[in-house]
Amino acid sequence: MITADDALQRLREGNEQFASGIGSAETFLRRVQRARTDFKQEPFAIIIGCSDSRVPVEIVFDQDLGDLFVIRVAGNIVSPSQLGSVEFAAAAFGTPLVVVLGHSNCGAVLGTLERLRRPAEARSPHMRFIAERIEPAVAGLLAPELGYDRETLIRKSVKANVRQSVAQLRKGSKILEELIEAGKLRVVGAEYSLATGRVEFLDDAVEAMRSRIA
Ligand SMILES: [Zn+2]
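Please read all numbers here as calculations on a predicted model, not as lab measurements.

A. Examining the overall build of the chain more closely. A count of helices and strands for the chain gives nine helices and five strands. Scanning the chain from its N terminus toward the C terminus, one meets helices and strands in the order α-α-β-α-β-α-β-α-α-α-α-β-β-α. Taking the contacts inside the chain whose residues are at least 6 apart along the sequence as the reference set, 72% of them involve residues at least 24 apart.

Encoded structure:
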């Protein structure tokens, strides 16, 4: 199995291919046909992405079948099903990298902000469950003294929601915590831009900033 650094690099390069229009997404269907029942999966990264139809994970990272273990849920939230899925993949395949992939203008995040501003009767306990997972990440950003305009608020909320999921993955599971401590697993956050097709890795940005300061 490759290292988390190499896995991250591969995602970075794949997304560059995709965003610059030289990716091989068009050959995806041919790859599907090539897959056999004995096709062994060796995913080098686990991705928790949003269900948004505009962010198909394999395509935006220009990866092949068997490369990514993908969990998609509205708002890329972390609840017990997601934790269980990540634990399974990390344990079964030794996958060294988990990426929480949020995206610009996420409908689940927008809906949660709306709900916080104008509390209404929840239409469904299931949709409420998702909003309640996102709320702690974004509620503080609505403080009037911050004075964020709508665009800034949405941008910061998407990032805050990704960071919250990253923190929940790092601290919400004994199995994952042990793998992280042993240096066998890395969890990072990322944001996909619907406008440019590019993925920004959030934690790396923080690291880069730290190294500039140091
Ligand atoms: Zn979304």
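B. Molecular detail of the coordination of the zinc ion. Those protein atoms acting as donors to the zinc ion are Cys 50 (SG), His 103 (NE2) and Cys 106 (SG), and they sit at 2.0 to 2.3 Å. For the zinc ion, all donor residues lie on one chain, and their spacing in sequence is C-x52-H-x2-C. Of the two residues, Cys 50 sits in the loop between β1 (45-49) and α3 (57-60) while His 103 sits in strand β3 (residues 97-103), which places them 53 residues apart along the sequence.

C. How the structure looks around helix α7 (residues 150-171). Helix length check: α7 (22 residues) gives 31 Å between terminal C-alpha atoms against 32 Å at 1.5 Å per residue, within 8%. Capping the start of α7 is the job of one residue whose side-chain oxygen sits 3.2 Å from the backbone nitrogen of Glu 151: Asp 149.

D. Structural context of the sheet that holds strand β5 (residues 199-201). Read from one edge to the other, the open sheet built from five strands follows the order β2-β1-β3-β4-β5, with strand pairing classed as mixed. Whereas interior strands pair on both sides, the edge strands pair on one side only; in this sheet they are β2 (68-72) and β5. Direction aside, the axes of adjacent strands within the sheet are offset by 25° on average. Note that strand β4 (residues 186-192) and β5 share three bridges and pair antiparallel. When the bridges of β5 are listed, Tyr 192 appears paired with Val 199.

E. Highlighting the packing of aromatic side chains. Within the structure shown, the criterion is met by four aromatic pairs. Judged by centre distance (5.7 Å) and plane angle (85°), the rings of Phe 88 and Phe 93 are edge-to-face. Its relative accessible area of 47% is what places Phe 88 among the partly exposed residues. Counting every residue linked through ring pairs, the aromatic cluster contains Phe 69, Phe 88 and Phe 93. The aromatic ring of Phe 129 is capped on one face by Arg 133, whose charged end is 3.8 Å from the ring centroid.

Calculation criteria
- Residues numbered from 1 in each chain as written.
- Predicted model: local features only at pLDDT ≥ 70, side-chain atom pairs only at ≥ 80, totals over all residues.
- Heavy atoms only, no water.
- Helix = DSSP H or I, 4+ residues; strand = E, 2+ residues; numbered from the N terminus.
- Contact = heavy atoms within 4.5 Å.
- Donors = N, O, S within 2.8 Å, 3.2 Å for Na, K, Ca; no water.
- Expected span 1.5 Å × (residues − 1).
- Polar contact = N/O pair within 3.5 Å; in protein donor to acceptor, adjacent residues only side chain to side chain.
- Pairing = 2+ DSSP bridges.
- Axes fitted to C-alpha atoms, helices over the stretch in contact; angles between N-to-C directions.
- Phe/Tyr/Trp six-rings, centres within 6.5 Å; stacked < 30°, edge-to-face > 60°.
- Buried < 20%, exposed > 50% of the residue type's maximum accessible area, 1.4 Å probe, protein only.
- Lys NZ or Arg CZ within 6 Å of the ring centre and 35° of its normal.

Remember that the coordinates give geometry; whether it matters functionally is a separate question.
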